[in-house]
Each structure stands twice: as structure tokens, then as C-alpha cells.
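# Residue-level structure breakdown
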Amino acid sequence: MTLTTARTARPTPTRPAAREADGLAVASFVLGLLGLLVMNILLGPVAIVMALIALARATARRGRALLGLALGVADLVVLAVLVAGNGTVSWSLTG
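Residues numbered from 1 in each chain as written. Predicted model: local features only at pLDDT ≥ 70, side-chain atom pairs only at ≥ 80, totals over all residues. Heavy atoms only, no water.

For the rest of this paragraph, the subject is the overall build of the chain. When helices and strands are counted, the chain shows three helices and zero strands. Each helix (α) and strand (β) of the chain, taken in turn from the N terminus, gives the series α-α-α. Relative to its full complement of 95 residues, the chain shows a buried share of 25%. Taking all contacts inside the chain whose residues are at least 6 apart in sequence as the whole, residues at least 24 apart take part in 66%. Approximately 6800 Å² of the chain is accessible, and the part contributed by carbon and sulfur atoms is 68%. (Helix = DSSP H or I, 4+ residues; strand = E, 2+ residues; numbered from the N terminus. Buried < 20%, exposed > 50% of the residue type's maximum accessible area, 1.4 Å probe, protein only. Contact = heavy atoms within 4.5 Å. Areas by Shrake-Rupley, 256 points an atom, 1.4 Å probe, with all protein chains shown as cover.)

What follows is the structure, given as C-alpha cells:
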């Protein structure tokens, strides 16, 4: 009687860089969205940089990275409009 071992297919490990790039894409989206409401002077550039890094690392969440990039740029546009209109980097809903 001989013992044989069944060969099982091992799952291929995901690359840590790819998982990190996916996290960067999601984080850039969230920070870009949050930057439209508060601290756009800080969160806009951070969202842009994180989105560009995620795109350079070939993220699987390319759409979220592109949205993060667009929202980061929108943060800076909102900041520019506020500075040009009010002469300040703060805004208020009451006018």
C-alpha cells in the first residue's frame, strides 16, 4: 500500500504592491471627496499625489484613482474660486 498526496492548487498570493495601490486609490477618492467640504488646501494635493501613485502602480481600482485625481483637482479649483471671490481660504454657508 502506497500513500499518495493529492496536489492541490495553491492560491497565488496577491502582490503587496497591488493591494497597497488599491488602498491608495480608495484613499485618494475619499480624501478628494472630503476635501470638497473641509481643508481643501491640504486634502486636494494629497488626493492628487495618492491617485497618481496608485495609477503608476497599476491599481485594479483605476476608476477610483481617476475619481480621486479629479476630485483633488476640483478641490484646488474650489480653493482658487474662494480665494478669488472672497480673498480668504475659508467659506461659510451663511454668506
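Picking up where we left off.
Let us look at helix α3 (residues 62-86). Over its 25 residues, α3 runs 36 Å from end to end, which matches the ideal 36 Å to within 8%, given 1.5 Å per residue. Along α3, the residues that are buried comprise Ala65, Gly68, Leu71, Gly72, Asp75, Leu79 and Leu82. Following α3 by one or two positions, Gly87 has its phi on the positive side, about 75°. (Expected span 1.5 Å × (residues − 1).)

Okay, a nonpolar patch on the surface next. Taken together, the side chains of Leu34, Leu37, Val38, Met39, Ile41, Leu42 and Val46 present a nonpolar region at the surface, about 640 Å² in accessible area. For the nonpolar patch, the element with the highest residue contribution is helix α2 (residues 40-56), accounting for three residues. Following the sequence through the fold, Leu42 ends up in helix α2. Residue classification places Leu42 among the partly exposed positions, given a relative accessible area of 48%. (Patch = residues over 30% accessible without salt bridge, like charges linked within 9 Å, V, L, I, M, F, W, Y side chains within 5 Å. Salt bridge = Lys/Arg side-chain N within 4 Å of Asp/Glu carboxyl O.)

Here we come to the side chain of Asn40. Considering the arrangement of structural elements, one finds Asn40 in helix α2. Asn40 sits in the buried class, given a relative accessible area of 6%. Each residue touching Asn40, except ones within four places of it in the same chain, is listed here: Gly35, Pro45, Asp75, Leu76, Val78, Leu79 and Leu82.

Bringing the pattern of salt bridges into the picture now. All chains considered together, the criterion is met by one salt bridge. Among the salt bridges present, the one from Arg57 reaches Glu20, with a minimum N-O distance of 2.3 Å. In this pair, Arg57 is assigned in the loop between α2 and α3 and Glu20 in helix α1 (residues 16-35), connecting sequence segments 37 residues apart. Residue class for Glu20 comes out partly exposed when judged on its relative accessible area of 44%.

The next thing to look at is the nonpolar core. Of all hydrophobic cores here, the largest spans five residues; its members are Leu24, Ala25, Met50, Ala54 and Ala65. Setting aside anything within four residues of it in sequence, one finds Met50 in contact with Leu24, Ala27, Ser28 and Leu31. (Core = buried A, V, L, I, M, F, W, Y, C linked by side-chain atoms within 4.5 Å.)

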